[in-house]
Amino acid sequence: MAKFAKKKDGDLPAVSTASLPDIVFMLLFFFMTVTTMKDSSLLVENTLPNATEIKKLEKKDRVIYIYVGKPTQEYQKVFGTEPKIQLNDKFASVEEVGSYILAERAKKPQELQNVLTTALKVDRDANMGLIADIKQQLREVNALKVNYTTYEGNAFNNLQ
Amino acid sequence: MPRRKGAPEVNAGSMADIAFLLLIFFLVTTTIETDAGLDRMLPPMEPPEEDVVIKQKNIFTVNINKNGQLLVEDELMDLKNLRKAAMDFLENGADGSCNYCKGRKDESSSDNPTKAIISLKNDRETKYSTYITVQNELVGAYNDLRNRESQKSFGRDFTDMEAEYLNPETPSNVRDDLKDKVKQIQDKFPQKLSEAETTSN
């Protein structure tokens, strides 16, 4: 019985933690490769309007985003409450839209440069004047395909 | 020698915990973006070479003022009636050449769906949400008509066919088939939605 007795009083064998660093490194590499710094944080309020007749934007790499809306609470002291344009991570003026589109377009592969869509993510409370100026800028750089990004929902809810 | 029995077995029980941790992490951080919206084409900067003469009766004017009120064909209109009015205009078919139109053939309205143009004007102070609603209704008018024709010819909705056609995961043989159908319907009701530059009066 000596054998059994020995097993009983002995503790569980210690877990080998030798592979733990491997796992941690695996995770680390995974996040390093997957994380993109591009995802810009929103500086503007961005409650999109609703629409029903929408089409999906299929390929993300073919889309250039422009955000428009009132600056969020923390930026209102500096930038006021008038709707502003956000390009990438900073506020921009209307004149910068054209050069931004050209810069973004130049970053894309050659074969995609003609099929780019500009997604306008505009807050529902923005005025059309600013949008009209942006559209004019887009026309000047020949970025004619636009998508007014919206939520799916009854369009008449916009009017309330 | 007890060592010869090999290394003690690793307790793999916590592996599940790690996996769950990862799973929850991704569930929390992944944001499903609302990347859907109204597709529109802006007019090119260069004006067309020759001046196209368009008859006044082939233009359906929609004006939005800064308070969000609509002036359609010089009459005040409620937004809810816009889709119906636009559809009536598009399929009016005054010249009688449109055999799939169910319009009233009113002489003072559009000749033919291929000639009918909707012109949208808005004020600089119009709210964006109003503008989107109007755009939605006008695109909806086109889609309703196209769906009707598509149901008649192919037994399914046009919007449904178009979505499948544009979906990159659709096999190419299906897509080739859809391409013809989509084109056929689009030719019946071409989307002619013109946007003039905004006014500030």
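Definitions and cut-offs
- Residues numbered from 1 in each chain as written.
- Chains lettered and ligands numbered in written order.
- Predicted model: local features only at pLDDT ≥ 70, side-chain atom pairs only at ≥ 80, totals over all residues.
- Axes fitted to C-alpha atoms, helices over the stretch in contact; angles between N-to-C directions.
- Helix = DSSP H or I, 4+ residues; strand = E, 2+ residues; numbered from the N terminus.
- Parallel < 35°, antiparallel > 145°, perpendicular 65-115°, else oblique.
- Left-handed = near helix turned anticlockwise from the far one by under 90°.
- Contact = placed C-beta atoms within 7 Å.
- Nonpolar A, V, L, I, M, F, W, Y, C, P; charged D, E, K, R; others polar.
- Buried ≥ 20, exposed ≤ 12 C-beta atoms within 10 Å, placed from the backbone.
- Pairing = 2+ DSSP bridges.
- pLDDT = per-residue confidence, 0-100.
- Core = buried A, V, L, I, M, F, W, Y, C linked by C-beta atoms within 7 Å.

I'm lost on the packing of helix α4 (residues 96-107) of chain A against helix α5 (residues 128-140) of chain A in this one. Help?
A pair of packed helices is captured by two measures, namely the crossing angle of their axes and the spacing between those axes. Residues and elements named next belong to chain A. For the pair α4 and α5, the least separation of the axes is 8 Å and the interaxial angle reads 45°. As summarised for this structure, α4 and α5 are arranged oblique, according to the angle between their axes. The handedness of the crossing between α4 and α5 comes out as right-handed. Along the contact surface, α4 presents V97, G98 and I101, while α5 presents I134, Q137, L138 and E140. A per-class count over the contact of α4 with α5 returns 4 nonpolar, 2 polar and 1 charged.

Is there a simple way to think about the pairing of strand β3 (residues 63-69) of chain A in this case?
Side-chain direction in a regular strand flips from residue to residue, so the side chains alternate between the two faces of the sheet. All names here are of chain A. Of all the 7 residues making up β3, 6 are buried; the element is thus mostly covered by neighbouring parts of the structure. One ladder, built from 6 bridges, connects β3 with strand β6 (residues 117-122); its direction is parallel. Directly across from I66, in β6, lies its bridge partner L120. Across 3 bridges, β3 lies against strand β4 (residues 84-87) in antiparallel orientation. Its bridge partner lying in β4, G69 is registered against K84.

In this structure, what is going on with the confidence of the model for chain A? I would like to understand it.
Do not read the predicted coordinates in detail wherever pLDDT is low. Taken over all residues, the pLDDT of chain A has a mean of 81, while the share at 70 or more is 87%. The element-level mean pLDDT for chain A is lowest in helix α1 (residues 2-9) of chain A, coming to 54, with α4 of chain A highest at 90.

Please clarify how the nonpolar core should be interpreted in this entry.
Generally speaking, a soluble globular protein has its nonpolar side chains buried in company with each other. Counting 49 residues, the largest nonpolar core has I66, V68 and L120 of chain A together with A86 and L90 of chain B as its most contacted members. A86 of chain B has contacts with F60, I118, L138 and A141 of chain B, leaving out every residue within four places of it along the chain.

What am I meant to see in the packing of helix α4 (residues 158-166) of chain B against helix α5 (residues 172-188) of chain B here?
All names here are of chain B. Interaxial distance between α4 and α5 falls to 9 Å at its minimum, and their mutual angle equals 140°. By the angle between their directions, the pair α4 and α5 is classed as oblique. When you trace α4 past α5, the crossing you get is left-handed. On α5, the residues touching F158, M161, E162, E164 and Y165 of α4 are R175, L178, K179, K181, V182 and I185. Residues of the contact of α4 with α5, tallied by class, amount to 6 nonpolar, no polar and 5 charged.

What's the story with the sheet that holds strand β7 (residues 145-149) of chain A in this structure? I'm lost.
For sheets, the rule is that strands pair by backbone hydrogen bonds, running either parallel or antiparallel. Strand order in the open sheet formed by 7 strands is β2(A)-β1(B)-β7(A)-β6(A)-β3(A)-β4(A)-β5(A), with mixed pairing between adjacent strands. Bordering the open sheet on either side are β2 (55-56) and β5 (90-92) of chain A, each of which pairs with just one other strand. Relative to β7 of chain A, β6 of chain A runs parallel, the two sharing 3 bridges. What sits directly across from A119 of chain A, in β7 of chain A, is N147 of chain A. With respect to the sheet, α5 of chain A is in contact with β3, β4, β6 and β7 of chain A, its orientation differing from that of β6 of chain A by roughly 170°. Lying on the sheet, helix α3 (residues 128-154) of chain B is in contact with β6 and β7 of chain A together with β1 (36-41) of chain B; it crosses β1 of chain B at an angle near 75°.

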